[in-house]
Amino acid sequence: MNRVKAIPTHVAIIMDGNGRWAKQRGKERSEGHFAGVASVRAAVRAAVRNGVKWLTLYAFSTENWGRPIQEVEAIMELFCRTVVGEGDELARQGVRVKIMGEHTHFSPSVIEMIERIENTTVGGDKLTLVLAFNYSSRREIMLAAQQLAKRVAEGEMSAEEITEESISSALMTSEIPDPDFIIRTSGECRLSNFLLWQASYAEFYFPEVLWPDFDETEFDKALEVYAERDRRYGLVTEES
Ligand code: IPE
Ligand code: IPE
Ligand code: MG
């Protein structure tokens, strides 16, 4: 019997290996980040083509502020340039953009750029592209706990009303389904503070390829890997 190939609703990617890619070529680390933008475009195109509805890309972790200042500045500049420059093309492709992360470190001009791309692309109904920028999953969970504790203290809800659902709704991902498939490029096998709560039943894939070399063919290959997985959620299925 021919089975329909399973396509994940939500693919999340930890875009890793830009620095190593640059180093291998005798270039500055920031050159690797620049090169990585082409892979972002490729991943978006491949996601739309395959009918993936949500694509989350981990672009900058809260811990990444600790990198050398020149690198942080290069990433910030690149982020702003990309956010300003790609809005119209993404809107044309039917892509809605959401920027997820704490906005506290950002200047008013960066916040304005974020609002602009979110507004330009608000009508996109093919794919939602979530850019995790200044994101840390532990802080996200901590902020959710604080928010729920306040509501209990103010008598708006009882402690028993803190459920898996109410915690999920207090996270930055409240509007986003849990990821089905998490890809981390560059062969590293860790989450690095990404979607810890949301990843509980995600499938994982750790290809060796460095992020600037991750093209549409690599994305398609990853979806082939996903289609072979048997997701059991703790139950027993035909295959098991
Ligand atoms: C991922 O590439 C991009 C960011 C973390 C911003 P890296 O910069 O971590 O590249 P490697 O891991 O050092 O090769
Ligand atoms: C994770 O990569 C963060 C992003 C890809 C944005 P890192 O390169 O910062 O993670 P570690 O330091 O290898 O765990
Ligand atoms: Mg890295």
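Above this text sits the structure in question.
Read on for an overview of the structure. None of the values given here were measured: they were computed from a predicted structure.

### As for the sheet that holds strand S4 (residues 127–135)
Link 1 in the chain: Reading across from one edge, S3-S4-S2-S1-S5-S6 is the order of the 6 strands in this open sheet, with parallel pairing throughout. Each end of this open sheet is capped by a strand with a single partner; those strands are strand S3 (95–100) and strand S6 (203–205). The sheet shows a mean angle of 20° between the axes of neighbouring strands, direction not considered.
Link 2 in the chain: Summarising the sheet, strand S5 (residues 181–184) and S6 pair through 3 bridges and their orientation is parallel. Looking at the pairing, Ile182 lines up with Phe204 of S6.

### Structural notes on the nonpolar core
Link 1 in the chain: With 41 residues, the main nonpolar core has Ile13, Leu55, Leu129 and Phe219 as its most contacted residues.
Link 2 in the chain: Each residue touching Ile13, except ones within four places of it in the same chain, is listed here: Ala43, Leu55, Thr56, Leu57, Tyr58, Ile183, Phe194, Trp211, Phe214 and Phe219.
Link 3 in the chain: Among the nonpolar cores identified, the runner-up in size contains 14 residues, and Tyr135, Ile176, Phe194 and Ala199 belong to it.

### Let's talk about the site of ligand 1
Link 1 in the chain: With respect to spatial proximity, 13 residues lie near ligand 1, and among them Asp16, Gly19, Arg20, Arg29 and Arg67 are the closest.
Link 2 in the chain: Take Arg20: an N or O atom from its main chain is 2.8 Å from an oxygen atom of ligand 1.
Link 3 in the chain: Here Arg29 contributes a side-chain N or O atom positioned 2.8 Å from an oxygen atom of ligand 1.
Link 4 in the chain: In isolation ligand 1 exposes 370 Å². Once the protein is present, 87% of that is buried.
Link 5 in the chain: Elements with a contribution of two residues or more to the shell around ligand 1: helix H1 (18–24), helix H2 (29–50) and helix H3 (69–85).
Link 6 in the chain: No other element matches the 3 residues that H1 contributes to the shell around ligand 1.
Link 7 in the chain: Of the residues in the shell around ligand 1, the class split is 3 nonpolar, 5 polar and 5 charged.

### Let's talk about the pattern of salt bridges
Link 1 in the chain: One pass over the full model with this rule turns up 20 salt bridges.
Link 2 in the chain: The salt bridge involving Arg190 is made with Glu188; its shortest N-O contact spans 3.4 Å.
Link 3 in the chain: The partly exposed category is assigned to Arg190, whose relative accessible area is 46%.
Link 4 in the chain: The partner of Arg232 in a salt bridge is Asp230, and the shortest N-O contact between them spans 2.9 Å.
Link 5 in the chain: Among the residues examined, Arg232 registers a relative accessible area of 39% and is labelled partly exposed.
Link 6 in the chain: When salt bridges that share partners are traced, they join Asp16, Arg20, Arg184, Glu188 and Arg190 into one network.

### Considering the site of ligand 2
Link 1 in the chain: What surrounds ligand 2 is the set Ile14, Met15, Asp16, Tyr58, Ala59, Phe60, Asn64, Arg67, Arg184, Arg190 and Ser192.
Link 2 in the chain: Between an oxygen atom of ligand 2 and a side-chain N or O atom of Asp16, the distance comes to 3.3 Å.
Link 3 in the chain: Look at ligand 2: alone it shows 390 Å² of surface, and the protein chains cover 77% of it.
Link 4 in the chain: Take the shell around ligand 2: its biggest share by element is 3 residues, from strand S2 (residues 54–61).
Link 5 in the chain: Considered class by class, the residues forming the shell around ligand 2 number 5 nonpolar, 2 polar and 4 charged.

### Here's the deal with the side chain of Thr185
Link 1 in the chain: Turning to its location among the elements, Thr185 is positioned in the loop between S5 and S6.
Link 2 in the chain: A polar contact of 2.7 Å, which involves the side chain of Thr185, links it to the backbone oxygen of Asp16.
Link 3 in the chain: Setting aside residues no more than four positions away along its own chain, Thr185 makes contact with Ile14, Met15, Asp16, Pro207, Val209, Leu210, Trp211 and Phe214.

### Notes on the environment of Met76
Link 1 in the chain: Topologically, Met76 is positioned in helix H3.
Link 2 in the chain: Overall, the relative accessible area of 18% leaves Met76 in the buried class.
Link 3 in the chain: Sequence spacing of Met76 and Tyr205 is 129 residues, and the spatial spacing of their C-alpha atoms is 28 Å.
Link 4 in the chain: If we skip the residues at most four places from it in the chain, Met76 touches Phe60, Trp65 and Phe133.

Conventions we followed
- As a convention, each chain's residues are numbered from 1 in the sequence order in which they are written.
- Each chain gets a letter, beginning with A, and each ligand a number, beginning with 1, in the order they are written.
- Whole-chain, interface and lining totals are the exception, using all residues; otherwise, since this is a predicted model, local features are given only for residues with pLDDT of at least 70 and side-chain atom pairs are given and counted only at 80 or more.
- Side-chain numbers come from the whole structure's heavy atoms, not from hydrogens or water.
- Two strands are counted as paired when DSSP detects at least two bridges linking them.
- Numbering of helices and strands runs from the N terminus, with a helix taken as a DSSP run of H or I at least four residues long and a strand as a DSSP run of E at least two residues long.
- Axes, fitted as lines to C-alpha atoms, cover a helix only where it is in contact. Angles between the N-to-C directions of the axes lie from 0 to 180 degrees.
- Residue types Ala, Val, Leu, Ile, Met, Phe, Trp, Tyr and Cys, when buried and joined through side-chain atoms within 4.5 Å, form a set referred to as a nonpolar core.
- Note on exposure labels: buried denotes an accessible area under 20% of the residue type's maximum, exposed denotes more than 50%, and partly exposed covers the range between, all computed with a 1.4 Å probe on protein chains only.
- Between two residues, a contact is recorded if the distance between any of their heavy atoms is within 4.5 Å.
- We call a residue near a molecule or strand whenever a single non-hydrogen atom of that residue lies within 4 Å of it.
- For this analysis, a polar contact is any N or O atom pair within 3.5 Å, provided that within protein one partner can donate a hydrogen and the other can accept it, and provided that sequence-adjacent residues contribute only side-chain to side-chain pairs.
- Here the open area of atoms and residues is found with the Shrake-Rupley method and a 1.4 Å probe, where only the protein chains shown may cover a residue.
- Three classes are used, and their members are as follows: Ala, Val, Leu, Ile, Met, Phe, Trp, Tyr, Cys and Pro are nonpolar, Asp, Glu, Lys and Arg are charged, and the others, Gly among them, are polar.
- One side-chain nitrogen of Lys or Arg within 4 Å of one carboxyl oxygen of Asp or Glu is enough to make a salt bridge.

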